[in-house]
Amino acid sequence: MKSILNKKTVLRTALLSGMFVFATSQAQACYTVKFKNQSKADVTVAWLAGGCGGITSGIAFVCTHKDVKANESKSYNFKWGTTLPSLKVYNTYTTYPSNGSKSANVAIEYVLNGGRFKTSGAPQSPPGCGKSYTVTLKDDKRKKAGL
């Protein structure tokens, strides 16, 4: 009697299983960055990282962008495989005349550095999945940046 589990079948199954795990793990959230707008002004926030193609925004590295009203919070779950995350805070009232999208005049940029998001320092990647970070915008920082 011949076994149905020959070497070729086992290798094919292992290869397909590995491809499935790799493909599905990239679609899952790896780390979360929450933006808390504790200022009195509405802003637009862009969540950026290497590995995001800008499909939703048309701008390279932009994973997503959201309008965040005063005293509101919004989060983004970065996918597995994204690196060097950053947030850019924009004025929500200016638009591109050609397509009506929001202005790209960056007022404040936050980068992950030393385990937290800062407005200076070399950008770093998280040490692994399962991390959560919070960036808080207050009026003094907003006014200093000219928002």
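Look up a bit, the structure's there.
Read on for an overview of the structure. (Residues numbered from 1 in each chain as written. Predicted model: local features only at pLDDT ≥ 70, side-chain atom pairs only at ≥ 80, totals over all residues. Heavy atoms only, no water.)

**Digging into the pattern of salt bridges**
- Using the criterion set out here, one finds 2 salt bridges in the structure.
- E72 is paired through a salt bridge with K74; the nearest N and O atoms lie 4.0 Å apart.
- A relative accessible area of 27% means that E72 is categorised as partly exposed.
- With relative accessibility at 27%, the residue K74 sits in the partly exposed group.
- For R142, the salt bridge is made with D139, and the minimal N-O distance between the two is 2.7 Å. Of this pair, R142 and D139 both sit in helix 2 (residues 139-145), 3 residues apart, which is roughly one turn of the helix.
- Classification of R142 by relative accessible area gives buried; the value is 9%. (Salt bridge = Lys/Arg side-chain N within 4 Å of Asp/Glu carboxyl O. Buried < 20%, exposed > 50% of the residue type's maximum accessible area, 1.4 Å probe, protein only. Helix = DSSP H or I, 4+ residues; strand = E, 2+ residues; numbered from the N terminus.)

**Some words on the state of the cysteines**
- For the coordinates displayed, the defined rule picks out 2 disulfides.
- The residue that forms a disulfide with C30 is C129, at a sulfur-sulfur distance of 1.9 Å. Linking C30 and C129, the disulfide has an S-S dihedral of approximately -100° and is accordingly described as left-handed. Of this pair, C30 sits in strand 1 (residues 29-38) while C129 sits in the loop between strand 7 (116-118) and strand 8 (131-138), and the two are 99 residues apart along the sequence.
- The buried category is assigned to C30, whose relative accessible area is 10%.
- Classification of C129 as partly exposed rests on a relative accessible area of 45%.
- Each sulfur of the disulfide joining C52 and C63 lies 1.8 Å from the other. (Disulfide = S-S within 2.5 Å.)

**Side note on the packing of aromatic side chains**
- Enumeration according to the criterion identifies 3 aromatic pairs in this entry.
- When the ring of Y31 is compared with that of F78, the centres are 5.0 Å apart and the planes differ by 15°; the resulting orientation is stacked. Taken together, the residues span a long stretch of sequence, with Y31 in strand 1 and F78 in strand 4 (residues 72-79) at a distance of 47 residues. The burial state of Y31 is the same as that of F78; both residues are buried.
- Relative to F78, the ring of Y76 lies with its centre 5.0 Å away and its plane at 90°, an arrangement referred to as edge-to-face.
- Here the guanidinium or amino end of K66 rests over the ring plane of W47, the centre of that ring lying 5.4 Å away. (Phe/Tyr/Trp six-rings, centres within 6.5 Å; stacked < 30°, edge-to-face > 60°. Lys NZ or Arg CZ within 6 Å of the ring centre and 35° of its normal.)

Note that every value here comes from positions in space, so none of it alone points to a role or purpose.
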